[in-house]
Amino acid sequence: QVQLAESGGGLVQAGGSLRLSCAASGSTFRTATMGWFRQAPGKEREFVAAITRNAGSTYYADSMRGRFIISRENVKSAVYLQMNSLKPEDTAVYSCAAGRPRGGLPVTESWYDFWGQGTQVTVSS
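Numbering of residues starts from 1 in every chain and runs along the sequence as written. Under the rules for a predicted model, residues below a pLDDT of 70 receive no local features and side-chain atom pairs below 80 are neither given nor counted, while totals for whole chains, interfaces and linings still include all residues. Excluded from the side-chain calculation are hydrogens and water; included are all heavy atoms of the structure.

Participant: Go over the pattern of salt bridges, please, and point to the residues and values.
Facilitator: Where charged atoms of side chains with opposite charge meet at close range, the side chains can pair. Salt bridge, as used here, is a side-chain nitrogen of Lys or Arg placed within 4 Å of a carboxyl oxygen of Asp or Glu. Scanning the model with the defined rule gives eight salt bridges in all. Note that Glu73 is salt-bridged to Lys76, the shortest N-O span being 4.0 Å. Classification of residues uses two cut-offs on accessible area relative to the type maximum, computed with a 1.4 Å probe and protein chains only: under 20% is buried, over 50% is exposed, and between them is partly exposed. For Glu73, a relative accessible area of 31% puts it in the partly exposed group. The partner of Arg100 in a salt bridge is Asp113, and the shortest N-O contact between them spans 3.3 Å. In this pair, Arg100 is assigned in the loop between strand 9 (92-99) and strand 10 (114-115) and Asp113 in the loop between strand 9 and strand 10, connecting sequence segments 13 residues apart. For Asp113, a relative accessible area of 26% translates into the label partly exposed. A run of DSSP states H or I qualifies as a helix once it reaches four residues; a run of E qualifies as a strand once it reaches two. Both are numbered from the N-terminal end.

What follows is the structure, encoded as structure tokens:
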């Protein structure tokens, strides 16, 4: 079992940066692949980024690659999302997720077992 709590959201101007954090509790964090998803008003939740348990592999949605960086600190049971060059279209609720090791790519909602409540990110133009 893993419980997740996001923080770091807020209001930022276009071109600015934010760093989201996700604090995890539970013994399975260190073996879990961690992901970030987002959901904008009126839209479906979409994949943002993922990182494997030893940070050996990272995955990004095409629109975020080069602007967002996912990282993790297993000692702190935390995962982070550094978001740079933010655009108004990045406005959404960002949620972190944890998935037990399994086959396939960790880029879909169904891959994950545990979810946080989300944190709001608003980018003004």
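Participant: Residue-level account of the nonpolar core, with values.
Facilitator: What is meant by a nonpolar core is a set of buried Ala, Val, Leu, Ile, Met, Phe, Trp, Tyr and Cys residues, joined one to another through side-chain atoms within 4.5 Å. In this structure, Leu4, Met34, Trp36, Leu81, Met83 and Tyr94 are the most contacted members of the largest nonpolar core, which totals 37 residues. Listing elements by their share of this core, those giving two or more residues are strand 3 (18-25), strand 4 (33-39), strand 5 (46-51), strand 7 (68-73), strand 8 (78-83), strand 9 and strand 11 (119-124). The contact definition used throughout considers only heavy atoms, calling two residues in contact when any of these lie within 4.5 Å. Excluding residues within four positions of it along the chain, Leu81 makes contact with Leu18, Arg19, Leu20, Trp36, Val48, Ala49, Phe68, Ile69, Ile70 and Tyr94.

Participant: I'd like a rundown of the packing of aromatic side chains, residues and numbers included.
Facilitator: Side-chain rings of Phe, Tyr and Trp, where Trp is taken by its six-membered ring, are said to pair if the distance between their centres is within 6.5 Å; with planes under 30 degrees apart they count as stacked, over 60 as edge-to-face, and otherwise as tilted. A full pass over the atoms with the stated rule returns five aromatic pairs. Ring geometry for Phe37 against Tyr112: centres 5.3 Å apart, planes inclined by 85 degrees, an arrangement best described as edge-to-face. You can see Phe37 sitting in strand 4 and its partner Tyr112 sitting in the loop between strand 9 and strand 10, a full 75 residues away along the chain. Like Phe37, the residue Tyr112 is buried in the burial classification. Taking 6.1 Å as the distance between ring centres and 65 degrees as the angle between the ring planes, the aromatic pair formed by Tyr112 and Trp115 counts as edge-to-face. With relative accessibility at 6%, the residue Tyr112 sits in the buried group.

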